Structures are given as structure tokens and as C-alpha cells.
Amino acid sequence: PVFLEMIKQQESHIQDLAFKLYVKGLTTRDINDLLKEVYDKNLSPSSVSNITKEFQKQRECWQERPLDNEYYFIYIDALFIPVRRDTVSKEAFYVVIGLRKDFKRDILGVYDIPMESSEGWREVFRDIKRRGVSNILMIIADGIQHLENVVREEFPGTKLQKCLVHKIRSILLKVRNIHKEEIAKDFKSAFKLEDRYYSIEDGRINLNDFVNKWKKLYPFITNKFKVEHIENYFAYLSFPHQIQRMIYTTNWNERLNKGIRKTQSVR
């Protein structure tokens, strides 16, 4: 019985190790090769796959867990990853990150909805509401159309900040190289950060100057800042200047997405 218990414990240890390696990003074949080298034990890829099915149970529990009632800020973005159904095609995974009241970040959920749309985000918002979220100071997102209407309907009173990094990237993509540096500088002058005396009204004036300066060479810039959306670009100025740098962009999502892509690429 003693020896049988030792063997059982070793088996359990190896299975736990295989599961952790899988979560870290190794393929089932890589895991088998590693266990063979270290423990002189073969586990077929199918055996490893069976072990890692436990991950699905953990994922489902995580996806359904209750959430806090309040979050200071929620950052949203969609990541596109190849998915095999009848064929392989990229699908949108909606990623939601929340900043809790204890100032810790929390991934609230990851949702597979093949195409990104404002109605897709409505479904995501309704799910996090079902799981307990009722109060958010501001949602930070990229420039997806009609999202402001969904935020207003699902979370009345919550501000929406459209990511300024996405906006300047989309502008620089369509201008000549010789103008990129100056346009970027003028853009930063309109959307100042960490200036306690800079107001939304100042921002509107400087943004108007920016558009008037460059619209002659690049008429598309006028359409980049529609009047009805201006408040969503300056929402960050409603908060203390000390935290503006962390709420004007979805960079936190992009860092997370980079890690997800790294893991996904070795699958």
C-alpha cells in the first residue's frame, strides 16, 4: 500500500505538471517530450489533452464568477484570433479589464463573439451586469461606432473615453511621413495630460485649431472629430490630472492581448 500510494502521488504530480505547462502555453507534444526527458515517462498527446480538459471546468467557473458591484474604470477591446470550425477564420474575443476600488486590475471576462460590434458589447455589458456590476465611473474603448449609445443605455451616468492612441494612429496612417511628427505634436497639444489647469473647454479650442490647421492638406481629419463625439475624447479631463495618463487609452488591453497572442502562437 505504501508503494502504491507513492506511485499514485507521482502520477498526480505529473498530471498537475502537464496541466500547468499547458496553461503556460506549451503544446501537448512539447509537454510529452519534456516529461519523457525529465521523468522518463511517456504521455501521449491525447493523454495530455484529457488532462487539460480540467482547464475548461476552471475557465467556465471563472467566466461565471460573481463580480464586484463597483469599478472605477473598465477597459474594453476586441482581440482577433484564428478559430477552427468548419474552416479556420479569425473571430473577435471581447476582453474586459476592470480597475477595482482597491486599485487592482481584474480581467472580468473574455467573450467569443465572431464579429466586433456595438451590439456585441451590449451583450458583454449585460453579462457583467448579471454577474453583479452596477456602477462604473468610465469605460475606455477604441472608436467602435455607436458604442456611446450602448454605454448610455446599459450604464446610465457612465462616461465613455475613446482611446486617443487609436485615434492618432488612424490619423498618422493616412498622412505623409514629412508631416507625421508635426501632426503628432499638435495632437498632443490638443489632448494634454497631467495638466491641472487644462480644461475641456481649452481642449475643444485647441482641437478646433488642430483641425483647421490640417484639414486643407488632409480633409479627412474633419470627419475624425464629429461634434456629437467630442465629449468622448475629452472625458479623461473630468478626472484628477494625476491619473489621466492611465485612463486616456486602452494600452492595458493591448499589453494583455500581446500576452494572449504569444500563448496562442505556440498552439
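Scroll up to find the structure.
Now for a description of the structure that goes with this document. (Residues numbered from 1 in each chain as written. Predicted model: local features only at pLDDT ≥ 70, side-chain atom pairs only at ≥ 80, totals over all residues. Heavy atoms only, no water.)

## So, the packing of helix H6 (residues 164-172) against helix H7 (residues 177-190)
- Viewed as axis vectors pointing N to C, H6 and H7 meet at an angle of 150 degrees, and their least axial separation amounts to 10 Å. Here H7 runs roughly antiparallel to H6, going by the angle between their axes. The element H6 and its partner H7 pack so that their crossing is right-handed. In contact with Leu164, Lys167, Ile168, Ile171 and Leu172 of H6, H7 contributes Lys180, Ile183, Ala184 and Phe187.
- Residue composition of the contact of H6 with H7, by class: 7 nonpolar, no polar and 2 charged. (Axes fitted to C-alpha atoms, helices over the stretch in contact; angles between N-to-C directions. Helix = DSSP H or I, 4+ residues; strand = E, 2+ residues; numbered from the N terminus. Parallel < 35°, antiparallel > 145°, perpendicular 65-115°, else oblique. Left-handed = near helix turned anticlockwise from the far one by under 90°. Contact = heavy atoms within 4.5 Å. Nonpolar A, V, L, I, M, F, W, Y, C, P; charged D, E, K, R; others polar.)

## Points about the environment of lysine 174
- Here lysine 174 lies in the loop between H6 and H7.
- Residues lysine 174 and glutamate 201, 27 residues apart in the sequence, show an inter-C-alpha distance of 28 Å.
- Excluding its chain neighbours within four sequence positions, the residues that come into contact with lysine 174 are Tyr218, Phe220 and Lys224.

## What to know about helix H8 (residues 200-214)
- Compared with the 21 Å implied by 1.5 Å per residue over 15 residues, the 21 Å span of H8 between its first and last C-alpha is a close match.
- For H8, every residue scored as buried is listed here: Gly203, Leu207, Phe210, Val211 and Trp214. One side of H8 holds all its buried residues, which, seen down the axis, span an arc of 95 degrees.
- Packing partners of the buried residues in H8 comprise H6, H7, helix H9 (220-224) and helix H10 (230-233). (Expected span 1.5 Å × (residues − 1). Buried < 20%, exposed > 50% of the residue type's maximum accessible area, 1.4 Å probe, protein only. Arc of directions from axis to C-beta.)

## Observations concerning the side chain of aspartate 186
- Relative to the assigned elements, aspartate 186 resides in helix H7.
- Judged by its relative accessible area of 18%, aspartate 186 is buried.
- Contact partners of aspartate 186, with chain neighbours within four places excluded, come to Phe210, Lys213 and Trp214.

## Details of the environment of glutamate 116
- The topology assignment puts glutamate 116 in the loop between strand E3 (105-112) and helix H4 (118-130).
- The class for glutamate 116 is partly exposed, based on a relative accessible area of 24%.
- Along the chain, glutamate 116 and alanine 92 lie 24 residues apart, while their C-alpha atoms are 5.9 Å from each other.
- Leave out the neighbours within four places in its chain, and glutamate 116 touches Ala78, Phe80, Ala92, Tyr94, Trp121, Asp142 and Ile144.
- For glutamate 116, the side chain forms a polar contact with the side chain of tryptophan 121, separated by 3.1 Å. (Polar contact = N/O pair within 3.5 Å; in protein donor to acceptor, adjacent residues only side chain to side chain.)

## So, the pairing of strand E2 (residues 88-99)
- Burial analysis of E2 places 9 of its 12 residues in the buried class, which makes it a mostly covered element.
- With 12 bridges joining them, strand E1 (residues 70-84) and E2 adopt antiparallel strand pairing. When the sheet's bridge partners are listed, tyrosine 75 is paired in E2 with isoleucine 97.
- Counting the residues in the hairpin turn of E1 and E2 gives 3 residues.
- Bridge count between E2 and E3: 7 bridges; the pairing is antiparallel. Looking at the pairing, valine 95 lines up with valine 110 of E3. (Pairing = 2+ DSSP bridges.)

## Focus: the pattern of salt bridges
- Using the criterion set out here, one finds 19 salt bridges in the structure.
- Linking arginine 85 and glutamate 91 is a salt bridge whose minimum nitrogen-to-oxygen distance equals 2.6 Å.
- On the accessibility criterion, arginine 85 (51% relative accessible area) is exposed.
- Here glutamate 91 falls in the buried class, since its relative accessible area comes to 7%.
- In this structure, aspartate 186 engages lysine 213 in a salt bridge whose closest nitrogen and oxygen atoms are separated by 2.8 Å. Taken together, the residues aspartate 186 in helix H7 and lysine 213 in helix H8 connect sequence positions 27 residues apart.
- Salt bridges sharing partners connect three or more residues here, namely Glu119, Arg122, Arg126, Lys129, Glu153 and Glu154. (Salt bridge = Lys/Arg side-chain N within 4 Å of Asp/Glu carboxyl O.)

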